[in-house]
Structure formats: C-alpha cells, structure tokens
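# Chain and residue survey
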Amino acid sequence: MPNYKLLTPGPLTTTDTVKKEMLFDHCTWDDDYKKITLSIREKLLKLAHVSEPEYTVVLMQGSETFGVESVLTSVIGKEDTLLIAANGAYGERMGDIAEHAGISYLMYKEEYDQIPSGEKIGEILKEHPEITHVSMVHSETTSGILNDIASVAKVVKAAGKTFIVDAMSSFGGVDIPVGELGIDFIISSANKCIQGVPGFSFIICNREKLMESKGKARSLSLDLYDQWETMNKDGKWRFTSPTHVVLAFAQALKEMEEEGGIPARAKRYEENNRLLIQNMAQMGIYPYIGSEHQGPIITTFLYPEHHNFSFQEMYQYIKDRGYAIYPGKVTDADTFRIGNIGEIYKEDIEKLCSIIKEFLEEK
Ligand SMILES: Cc1ncc(COP(=O)(O)O)c(C=O)c1O
C-alpha cells in the first residue's frame, strides 16, 4: 500500500480512528444513523458560536463546490444581484457558478496577494443599490491568503445585505464568530479543518434568510431549503447520504473536541505554519503572500532564485520520502504550495523541511 502524508489543503491526512469508522455499512433510515446527523448539526452550530433558532445547519452531498453552488443558486432570487469579492480561483469560481445559473452578479477582483477591501466594497454597494447579496472566500486556498471577513461583514451588514462566506479551508482551523459578524451563510466541508474525509459540505445558515429562499432554487439536488426541510425533521437526508463519510465525520468531531476544540486546533495549525515558513526561509524559500495576510492553513512558496528543478521532480522526491505537496495555483509566479492542516505535527514539518533541504543540495 502506498503510504504518505498529505500536506495539501484537503483531502488531508486523517487519523486511523477516523478512517476505521468507515468499515461499517450503516443503514440510512435507521434511528441511530439519523441521530448521528442531528448530533453533527448541533456540534457544527456550537463551533460557529451560534444556536437555534437564529441559525440552522444543512449538510449537502458532494464536493465543496456543490456546497457553494447550493447556496448561490438557492438563496439569490431572480430579482436579486450578487457582488462577488474575489482574489483567487475559488472566488472566481463563484462567478462561474453565477454564469451557469444565470444569476445577475458583479465581480470585484483583487490581485491574488491582496485582500478585498471593506471600504471598496462599501463604495460598490453605494454605486450599485441593486446588489442584495455579497459573497467572498475567507481562506483563499489558491494562495493561502486569509481575507478580512470581519471588516467586510461590518460594511455588508451596515448596508443591510446578505453576507455569504466560503470558509472551506478555514472553518474549524480559524475561529469564526459567525453570529457576531452577522454572516448569513457560511460554507465549509467534511474534508478540511475538522479532519474528516471528502463527501459532503455543510452550510450554517441564518434561519430567517434560509426560510426566505423557499422555492427559489434553480436546481433540484442542490436546493438548500428542501435539503434542510427534510433533514430538519429527524436527521434523514433527502437523497442517499454518504454514510461512511458521515460516520467518519462524527468521529472527527469527537477527536476535535478531545484535542481541545478550535482553540487547540488553531494553535497547532498556526505553530505548524510558523515553523514551516521559518525553516523554508533558512533555505532561501519565501512565501508569495506578505506576512500580514498569510493564513495559517496553506502557504504558497516562490521557487528559490536560480532554481533548476521542476515541480514534478521535487514532488516525486518528497513523495518517495513520505509526503505529498501541492503545485502552485497562482498565475503570476513560479510557486508550489504546502498545506499544514490535518493530522500533521511539528515532527512532520521538520522532516519535510529536511527532505527539501536534501533535495536542493542534491540539485
Ligand atoms: C476555499 C475553497 N472553496 C471551494 C473549493 C472547491 O472545492 P472542490 O474542488 O472540492 O469542489 C475549495 C477546494 O479546495 C476551496 O479551498
């Protein structure tokens, strides 16, 4: 069996105990199973620092884009207009989703190493009173930049608009006071900072806004309200649920609590990230994002000057020694990415850096 740890932003390295949960083929309509879904939903609300009846949770089958697409195509009505603030591929993908669904939208693009500005968004909202919803990504996994959702939330809420956040690679690894910020829909997934496996995303919704979306969805399977309505009765999923993934996720949430919840996990990720950047700097390899906006999840590194290696060569060298890293995704520089979330500890970061050092010395 191939064996390496993932230094990628999800799917990521999970514990054996999380993987082991998937050995059981659970019945979907069984009460025990429905209780697991209900308990997952309760725990997710707690992690977001919100509670019923103001907020509620929907679990949605599919990869992470399905979660984002579900929200955008369900809550933005035919008369509404969306403002997308994008500084990476995932923000831009929201534009793609809007195009496909025929959603009226405006795109505010920033450079990939800059964060969208609350002030600028405020100006756009003044110029375009037709805007009803604003969406953005929190941790842009494209580069590793951590966007300032708090300053944007202030402006969006002051203007009375609906705020949608893709917190795919940050929820659970960065503490987000969802209620305090007034985020109306926040989307994340089973296979990122909660350290489960891929198969569904989850959406924490302002209940009133979710109720308003009834009948607006442009898709049957991604209808957020309908999904909620069925799931909220007794925990039964509307269509076939990814049972093995759900069991693994329930275990992952338990392990997260045992670790000390979001504070402990955020601390481990921050320490991993700091150590990684520090050790890479000793080899003359520096982050693409400035330190003021670098997030604690994944780091984009610029190729060292005078390099003479290909990413593929380095990737293979590292993989043969037990780790998988990511190619770069920014368009304006030669880069590669290293994620430090998942079941990853100080020893892994040290080992990885010594492998990279060895590789560069051999080149
Ligand atoms: C911030 C963010 N949004 C959306 C996605 C889309 O995920 P997927 O490719 O799983 O659909 C990702 C994937 O890594 C992501 O990091």
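Structure first, text after, so check above.
This report concerns the structure included in the present document. On a predicted model such as this, the values are computed, not experimentally measured, just so you know. (Residues numbered from 1 in each chain as written. Predicted model: local features only at pLDDT ≥ 70, side-chain atom pairs only at ≥ 80, totals over all residues. Heavy atoms only, no water.)

### A look at the overall build of the protein chain
- Check the secondary structure of the protein chain and you find 13 helices and 14 strands.
- C-alpha extents for the protein chain along the principal axes are approximately 60 × 55 × 35 Å.
- Element-wise, carbon and sulfur atoms account for 50% of the exposed surface of the protein chain, whose accessible area totals about 15,500 Å².
- When the 38 positive and 54 negative side-chain charges of the protein chain are each reduced to one mean point, those points stand 4 Å apart. (Helix = DSSP H or I, 4+ residues; strand = E, 2+ residues; numbered from the N terminus. Areas by Shrake-Rupley, 256 points an atom, 1.4 Å probe, with all protein chains shown as cover. Lys, Arg positive; Asp, Glu negative; His and termini not counted. Charge placed at Lys NZ, Arg CZ, Asp CG, Glu CD.)

### As for the site of the ligand
- The full set of residues close to the ligand is S63, E64, T65, Y90, R93, V137, S139, T141, D166, M168 and K192.
- Here E64 contributes a side-chain N or O atom positioned 2.8 Å from an oxygen atom of the ligand.
- Expressed as a share of its isolated accessible area of 390 Å², the protein-covered part of the ligand is 84%.
- Judged by the proximity of its atoms to the pocket grid, the ligand belongs to the second largest pocket.
- Mapped onto the shell around the ligand, the elements with two or more residues apiece are α3 (64-75) and α4 (89-101).
- In the shell around the ligand, the residues fall into 3 nonpolar, 4 polar and 4 charged. (Near = heavy atom within 4 Å. Polar contact = N/O pair within 3.5 Å; in protein donor to acceptor, adjacent residues only side chain to side chain. 1 Å grid on protein atoms, 1.4 Å probe; cavity = no way out; pocket = protein on both sides within 12 Å on 5 of 7 lines; lining within 4 Å. Sits in = over half its atoms within 2 Å of the grid points. Nonpolar A, V, L, I, M, F, W, Y, C, P; charged D, E, K, R; others polar.)

### A short note on the pattern of salt bridges
- What the rule picks out here adds up to 16 salt bridges.
- Among the charged side chains, a salt-bridge network with shared partners connects E259, R265, R268 and E343. (Salt bridge = Lys/Arg side-chain N within 4 Å of Asp/Glu carboxyl O.)

### What about empty space enclosed by the protein?
- Counted according to the given criterion, the structure contains 1 cavity of 30 Å³ or more.
- As a volume, the largest cavity reaches approximately 30 Å³.
- Across the lining of the largest cavity, the residue classes break down as 3 nonpolar, 3 polar and 2 charged. (Points joined across faces, edges and corners; volume = space filled by probe spheres on them.)

### A look at the side chain of Q294
- With respect to the helices and strands, Q294 occurs in the loop between α11 (261-281) and β11 (298-302).
- The buried category is assigned to Q294, whose relative accessible area is 13%.
- A distance of 3.3 Å separates the side chain of Q294 from the side chain of T299, its partner in a polar contact.
- Residues in contact with Q294, not counting those within four places in the same chain, are G144, N273, I277, P287, I289 and T299. (Buried < 20%, exposed > 50% of the residue type's maximum accessible area, 1.4 Å probe, protein only. Contact = heavy atoms within 4.5 Å.)

### With respect to the environment of I344
- The topology assignment puts I344 in the loop between β14 (335-339) and α13 (346-362).
- Classification of I344 by relative accessible area gives buried; the value is 0%.
- Residues I344 and L12, spaced 332 residues apart in sequence, show a C-alpha to C-alpha distance of 9.2 Å.
- Beyond its immediate chain neighbours, meaning those up to four positions away, I344 contacts K5, L6, L7, T13, R268, N272 and I349.

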